[in-house]
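Summary of structural features
Spelled out, the chains give:
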Amino acid sequence: MQHRLTFFINVLVVMLFSLASQAQTGDTEKQTDTLVFKEKYGLRLGGDFGKIARSFIDEDYTGFEINGDYRLTKKLYIAGELGTEERRIASDFIDVTTNGSYFKAGIDYNTYTNWLDMQNMVYTGFRVGVSTFSQTQNQFTIYDINQYWGESFTDLTPREFKGLTAIWTELIIGLKAELFTNLYAGLNIQIKAMISQDQPVRFENLYVPGFNRTFDSGRFGLGFGYTISYLIPIYKKDKKVAVKKEDN
Amino acid sequence: MTLIALFTWSCERDDICAEATPTTPRLIIRFYDINNPEDFKDVRQLEIDGLDDDGNPFDMENPILVRTDTDSINLPLRFQAENEITTTRFRLTKDADFEDDIDDDGNDDLTTASNDDIITIRYTPEFVYVSRACGYKSIFNLDIDDPVTRDPDDIDIWTTSFEIINFTIENENAAQINIFH
């Protein structure tokens with residue numbers, strides 16, 4: 001239930017942001033002539049503050065991610081994330097801790113037409129993610145609905161499955177808005193599809209760092225990102241904007 | 001959006017161990033007619049108790065089966081370690097209602113009697129991963145030499161012979177042991 005609630009808050013926040021960012025368009029119409037603006041090109045570096053916040057709130061989670069993108073052309077960015085996560089999943093029957101790090105690389109395509117020299121983004125992107133991790137089964141209790149004997153069996157021997165790897169792809173939809181000069185806040189949703197993963201013997205991966213939790217139903221996963229990043233301008237390029245004058 | 005809705009839905013479904021999921025199975029025994037080995041035969045007023053290590057009924061108040069005419073029973077097996085030979089004993093009482101019979105003087109009616117047969121099941125538990133919601137289940141591999149034995153001291157038996165259909169108890173779909181009577 002709690003997961004569901006956070007999920008809906010996530011969706012709501014993402015939708016509100018996209019509404020707000022669309023409110024900018026439509027003001028530049030009634031002029032002619034050509035204006036030239038300097039557009040910044042550079043490296044934008046940041047971190048995921050959602051993961052840091054969750055590390056403080058959720059005792060079963062510790063995570064950290066740095067991310068960056070580099071502007072290649074007017075609309076195209078190469079982008080990537082590097083992170084580490086530790087997540088404990090515990091129920092009445094199983095208790096497991098996943099620990100590992102991940103790297104994701106890909107491109108972002110900005111679909112948003114910026115006003116003047118701004119560099120806001122409403123983007124879709126694509127990533128390939130890899131993770132190396134371990135899973136430690138802390139304990140498990142045999143699931144038995146027949147309780148005549150009034151006994152249950154709990155295996156308290158921790159088992160560590162080391163050296164597991166996974167590779168997956170992601171489709172990203174998100175936005176980045178410039179809050180102050182060169183400082184950006186961003187939100188994104190990642191829809192993931194597992195390509196391959198090492199499964200522990202007589203067990204399975206319940207969580208993969210970077211991929212998030214796995215589902216019984218198949219290879220798909222879901223993730224959210226909340227980023228703060230800073231643009232380090234490297235060079236500037238002229239941007240010509242054809243503007244229309246009001247026709248009287 | 002549909003995709004996202006689908007995710008939420010599967011999230012809920014994954015976290016609860018569905019009743020339909022096969023988890024730790026019980027041993028299934030079916031009763032056949034010794035004279036017509038192809039035919040099922042009800043055991044009249046069968047009552048079943050699990051026996052503790054001292055041979056006493058584990059729970060007098062709540063038997064595994066309470067006085068029923070039946071040709072099929074499910075027995076819960078004990079397990080406290082994986083890959084270790086384990087036994088569970090059951091007392092199968094036929095005509096259990098005769099225990100309470102009294103004659104005209106109010107004494108136990110000696111012309112009718114119930115009949116206890118004690119059976120011992122020998123097996124090795126094996127733990128198998130099911131899913132994130134159900135965790136692990138135990139399945140049972142019946143002992144090759146002595147899967148099921150009757151108490152040797154019992155002179156008045158009603159379970160004439162046993163037949164092992166399947167040495168692996170991994171689901172509750174079909175009987176693993178047949179008893180002829």
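Structure: see above.
Attention in this report is confined to the structure presented alongside it.

**Focus on the overall build of chain B**
- What chain B contains, in helices and strands, is one helix and 11 strands.
- Moving toward the C terminus, one meets the helices and strands of chain B in the order α-β-β-β-β-β-β-β-β-β-β-β.
- Considered along the principal axes of its C-alpha atoms, chain B spans approximately 80 × 40 × 35 Å.
- When each of the 181 residues of chain B is scored for burial, the buried share is 27%.
- Taking the contacts inside chain B whose residues are at least 6 apart along the sequence as the reference set, 61% of them involve residues at least 24 apart.

**Section: the overall build of chain A**
- Looking only at helices and strands, one finds two helices and 11 strands in chain A.
- The secondary structure elements of chain A, listed N-terminal to C-terminal, are α-β-α-β-β-β-β-β-β-β-β-β-β.
- With 248 residues in all, chain A has 27% of them scored as buried.
- Intrachain contacts of chain A at a sequence separation of at least 6 include 66% that bridge at least 24 residues.

**Observations concerning the sheet that holds strand β1 (residues 27-32) of chain B**
Residue and element names in this part refer to chain B.
- Here four strands make up an open sheet; going across it, the order is β4-β1-β11-β9 and the pairing mixed. For this open sheet the edge positions go to β4 (72-75) and β9 (161-164), each flanked by a neighbour on one side alone. Across the sheet, the mean angle from the axis of one strand to that of its neighbour is 25°, orientation sign disregarded.
- As paired strands, β1 and β4 are joined by four bridges and run antiparallel to one another. Bridging across to β4, Ile28 finds its partner in Asn74.

**Looking at the interface of chain A and chain B**
- At the junction of the two partners, chain A supplies 26 residues and chain B supplies 28 residues.
- Of all the secondary structure elements, the ones that give two or more residues to the side of chain A that touches chain B are α1 (2-22) and β5 (121-141) of chain A.
- It is α1(A) that contributes the most residues to the side of chain A that touches chain B, four residues altogether.
- Looking at the side of chain A that touches chain B, its residues break down into 16 nonpolar, four polar and six charged.

**Points about the nonpolar core**
- Of all hydrophobic cores here, the largest spans 27 residues; its most connected members are B:Leu27, B:Ile29, B:Leu75 and B:Leu77.
- Secondary structure elements with two or more residues in this core: β1, β2 (43-51), β4, β5 (86-94), β6 (115-131), β7 (135-142) and β11 (177-180) of chain B.
- The greatest single-element share of this core, amounting to five residues, is contributed by β1(B).
- Apart from residues lying up to four places away in sequence, B:Leu75 is in contact with B:Arg26, B:Leu27, B:Ile29, B:Ile64 and B:Phe90.
- A:Ile94, A:Val96, A:Phe140 and B:Phe127 belong to the second-largest nonpolar core, a separate cluster that totals 17 residues.

**Thoughts on the pairing of β2(B)**
Residue and element names in this part refer to chain B.
- Taken together, the three bridges between β2 and strand β3 (residues 65-70) define a ladder with antiparallel strand orientation. Across the sheet, the residue bridging to Ile48 is Leu65, located in β3.
- Note that β2 and β5 share five bridges and pair antiparallel. Within β5, the position partnered with Gly50 by the bridge is Phe90.

The rules we used
Residues numbered from 1 in each chain as written. Chains lettered and ligands numbered in written order. Predicted model: local features only at pLDDT ≥ 70, side-chain atom pairs only at ≥ 80, totals over all residues. Helix = DSSP H or I, 4+ residues; strand = E, 2+ residues; numbered from the N terminus. Buried ≥ 20, exposed ≤ 12 C-beta atoms within 10 Å, placed from the backbone. Contact = placed C-beta atoms within 7 Å. Pairing = 2+ DSSP bridges. Axes fitted to C-alpha atoms, helices over the stretch in contact; angles between N-to-C directions. Nonpolar A, V, L, I, M, F, W, Y, C, P; charged D, E, K, R; others polar. Core = buried A, V, L, I, M, F, W, Y, C linked by C-beta atoms within 7 Å.

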